[in-house]
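As a plain string of letters, each chain reads:
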Amino acid sequence: MSTPTFTIDDLKRILLEGAGAEEGVDLDGDILDTEFEALGYESLALLETGGRIEREYGITLDDDALTDATTPGRLIAVVNEQLATAADVAA
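The rules behind these values
- Residues numbered from 1 in each chain as written.
- Predicted model: local features only at pLDDT ≥ 70, side-chain atom pairs only at ≥ 80, totals over all residues.
- Heavy atoms only, no water.
- Helix = DSSP H or I, 4+ residues; strand = E, 2+ residues; numbered from the N terminus.
- Salt bridge = Lys/Arg side-chain N within 4 Å of Asp/Glu carboxyl O.
- Buried < 20%, exposed > 50% of the residue type's maximum accessible area, 1.4 Å probe, protein only.
- Expected span 1.5 Å × (residues − 1).
- Contact = heavy atoms within 4.5 Å.
- Polar contact = N/O pair within 3.5 Å; in protein donor to acceptor, adjacent residues only side chain to side chain.
- Core = buried A, V, L, I, M, F, W, Y, C linked by side-chain atoms within 4.5 Å.

A.B. asks: What am I meant to see in the environment of Asp-9 here?
C.D. replies: By the secondary structure assignment, Asp-9 is in helix H1 (residues 8-19). Spatially, the C-alpha atoms of Asp-9 and Asp-30 are 12 Å apart, while their sequence positions differ by 21 residues.

A.B. asks: Quick question: what am I supposed to make of the pattern of salt bridges here?
C.D. replies: If the charged atoms of two oppositely charged side chains come close together, the side chains can form a pair. Counted under the stated rule, the structure contains 6 salt bridges. A salt bridge links Glu-56 to Arg-13; the shortest N-O distance between them is 2.6 Å. On the criterion of sequence distance, the pair formed by Glu-56 in helix H2 (residues 43-57) and Arg-13 in helix H1 is long-range, its members being 43 residues apart. Of the residues examined, Arg-13 reaches a relative accessible area of 29% and is grouped as partly exposed. Residue Arg-52 pairs with Glu-17 through a salt bridge whose shortest N-O separation is 3.9 Å. One end of the pair, Arg-52, is in helix H2; the other, Glu-17, is in helix H1, and 35 residues separate them in sequence. When its relative accessible area of 45% is taken as the criterion, Glu-17 is described as partly exposed. Within the structure, one salt-bridge network assembled from shared partners comprises Asp-10, Arg-13, Glu-17, Glu-48, Arg-52 and Glu-56.

A.B. asks: Please clarify how H1 should be interpreted in this entry.
C.D. replies: Each α-helix winds once per 3.6 residues, and so residues spaced three or four apart point in a common direction. Across its 12 residues, H1 extends 16 Å between first and last C-alpha, which sits within 8% of the 16 Å expected from 1.5 Å per residue. Buried residues of H1: Asp-10, Leu-11, Lys-12, Ile-14 and Leu-15, and no others. Residues of H1 that are buried in the fold lie against H2 and helix H4 (72-90). With its phi angle positive at about 75°, Gly-20 sits one or two positions after the end of H1.

A.B. asks: I keep staring at the side chain of Asp-10 and nothing clicks. Help me out?
C.D. replies: Here Asp-10 is to be found in helix H1. For Asp-10, a relative accessible area of 16% puts it in the buried group. A polar side-chain atom of Asp-10 sits 3.4 Å from a polar atom in the side chain of Tyr-57. Once you skip the residues sitting within four places of it in the chain, Asp-10 turns out to touch Thr-5 and Tyr-57.

A.B. asks: Looking at this model, I keep getting lost on the environment of Thr-5. Mind explaining?
C.D. replies: Within the element layout of this structure, Thr-5 appears in the segment before H1. Those residues within four positions of Thr-5 in sequence are excluded, and the remaining contacts are Asp-10, Asn-80 and Leu-83.

A.B. asks: Any chance you could explain the nonpolar core here in plain terms?
C.D. replies: One broad rule of soluble globular proteins: the nonpolar side chains tend to lie buried together. One finds Phe-6, Leu-11, Phe-36, Tyr-41, Ile-53, Leu-75 and Val-79 to be the most contacted residues of the largest nonpolar core, which totals 23 residues. It is H4 that contributes the most residues to this core, 5 residues altogether.

Below, the structure is given as structure tokens:
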């Protein structure tokens, strides 16, 4: 069985479902290295996003992972690390 991969498209979908998008912010641009705050997402929106990711992908993200992942690229990397760890444990 292959390990699922969390992508920028997955993150954008979850961000939009949970917190919407700030007016004037283009999530379709190159946002991987843009701070979440610059994209209009504050800590509460990121906690909601983290909860949605956990439920959808069956993983647990600790609070430090969410606060340390200040950009979409970093959050995607953290989620994919957790997915790989969960797959290794399940194997």
